[in-house]
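Structural overview
What follows is the residue order along each chain.
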Amino acid sequence: MFIEAINLSKSYGKQSAVQNLTFHLEEGQIVGFLGPNGAGKSTTLKMLLGLIKPSSGSVTIDGKDPQEQEIALKKQIGYLAENNPLYPEMYVREFLAFIGNIHQITNLESRIQEVIEWVGLEKEAHKKIQELSKGYQQRVGIALAILHDPKILILDEPTSGLDPNQRDEIRTLIKSLQKDRIILFSSHILSEVEAICDRVLLIHEGKLVTDSPLKDIKNLEKFFKEKTN
Ligand code: ADP
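This write-up is about the structure you can find in this document. Think of each chain on its own: its residues are numbered from 1, step by step along the sequence as written. Local features are withheld for residues below a pLDDT of 70 in this predicted model, meaning they are given only at 70 or higher, and side-chain atom pairs are given and counted only at 80 or more; totals for whole chains, interfaces and linings count all residues. Heavy atoms throughout the structure, all of them, feed into the side-chain values; hydrogens and water do not.

Considerations on the pattern of salt bridges
Charged atoms that come close allow side chains of opposite charge to pair. Just so we agree on the cut-off: Here a salt bridge means any side-chain nitrogen of Lys or Arg lying within 4 Å of a carboxyl oxygen belonging to Asp or Glu. Numbering of helices and strands runs from the N terminus, with a helix taken as a DSSP run of H or I at least four residues long and a strand as a DSSP run of E at least two residues long. Note on classification: 1.4 Å probe, protein chains only; a residue is buried when its accessible area is under 20% of the maximum for its type, exposed when over 50%, partly exposed between these limits.
For the structure shown, the criterion picks out 11 salt bridges. Across the salt bridge formed by E114 and R111, the nearest N and O atoms sit 2.7 Å from each other. Residue E114 and its partner R111 are both found in helix α4 (residues 108-118); the two are separated by three residues, about one turn of the helix. In this structure E114 comes out as partly exposed when scored by relative accessible area, which is 45%. Between R171 and E192 there is a salt bridge, with its nearest N and O atoms 4.0 Å apart. Placement of the pair is R171 in helix α6 (residues 164-176) and E192 in helix α7 (residues 190-196), with a sequence separation of 21 residues. Classification of R171 by relative accessible area gives partly exposed; the value is 23%. A residue is classified by how much of its surface remains accessible, and E192, at 0% relative accessible area, is buried.

Written out as structure tokens, the structure is:
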């Protein structure tokens, strides 16, 4: 699997949101997708998910246009949205089964059990989603994103609202998913990006200002401020 953006651009009327982004992502990497609010991150992710169409340029997954191949490609993508929308009235297993059926997963019951154990939800899995603490709701979101075993994981602020212990656990979990996958990880918590990512894409005012291995950046916070001020 690979993701390739070539001169990817999007304008909303006169407002330019993303300009000429070019990057190539391969499996096995956790990539931090960074930028100040309004930089164009969500717009880029929406184009990658096939939800909106580029104004010019392209983004492809294995050479395919996400808009044309929406259903086939959706099976390859796991997405944890920023506000992690869940169905609060549903029980955890019921919810995962509901989504698993949409994905037409075979051996669904055993897959749900496997994922529940993987994300550490065993003790909470009998509850309704609305009864869970924020950290456990976040785990349900991650369980949902990985349920169909996608090759691409897009995680938008996966640890926002968590306490430091929960953050550590989610971080370890994300690291454990790295092999054979492309993980695109968006976060404003730069210490976390430093702890988890191999590579950083930094966008500012719609333009890619950095595409670098993390190890080449000494102090990410300082770097971020210099590049985006
Ligand atoms: P980020 O996710 O990095 O905060 P966005 O991609 O949401 O950035 O936004 C990039 C720019 O595009 C911002 O200036 C934002 O106001 C603008 N924008 C985003 N969505 C829309 C929209 N639907 N209509 C008009 N402008 C938009």
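Observations concerning the sheet that holds strand β2 (residues 15-26)
Heads up, the condition is: Pairing between strands requires that DSSP locate at least two bridges from one strand to the other. Helix axes are fitted only over the stretch in contact, all axes being lines through C-alpha atoms; the angle between N-to-C directions runs from 0 to 180 degrees. Any two residues having at least one pair of non-hydrogen atoms within 4.5 Å are treated as being in contact.
Taken together, three strands build an open sheet; the order of strands is β2-β1-β4 and the sheet is antiparallel. At either margin of the open sheet sits one strand with a lone partner, and together these are β2 and β4 (56-61). For this sheet the average axis-to-axis angle between neighbouring strands, irrespective of direction, equals 20 degrees. Where strand β1 (residues 2-12) lies against β2, eight bridges are found, and the strand directions are antiparallel. Bridge pairing links A5 to F23 in β2. Along the sheet, helix α1 (residues 41-48) contacts β1, β2 and β4; its crossing angle with β1, the most-contacted strand, is approximately 120 degrees.

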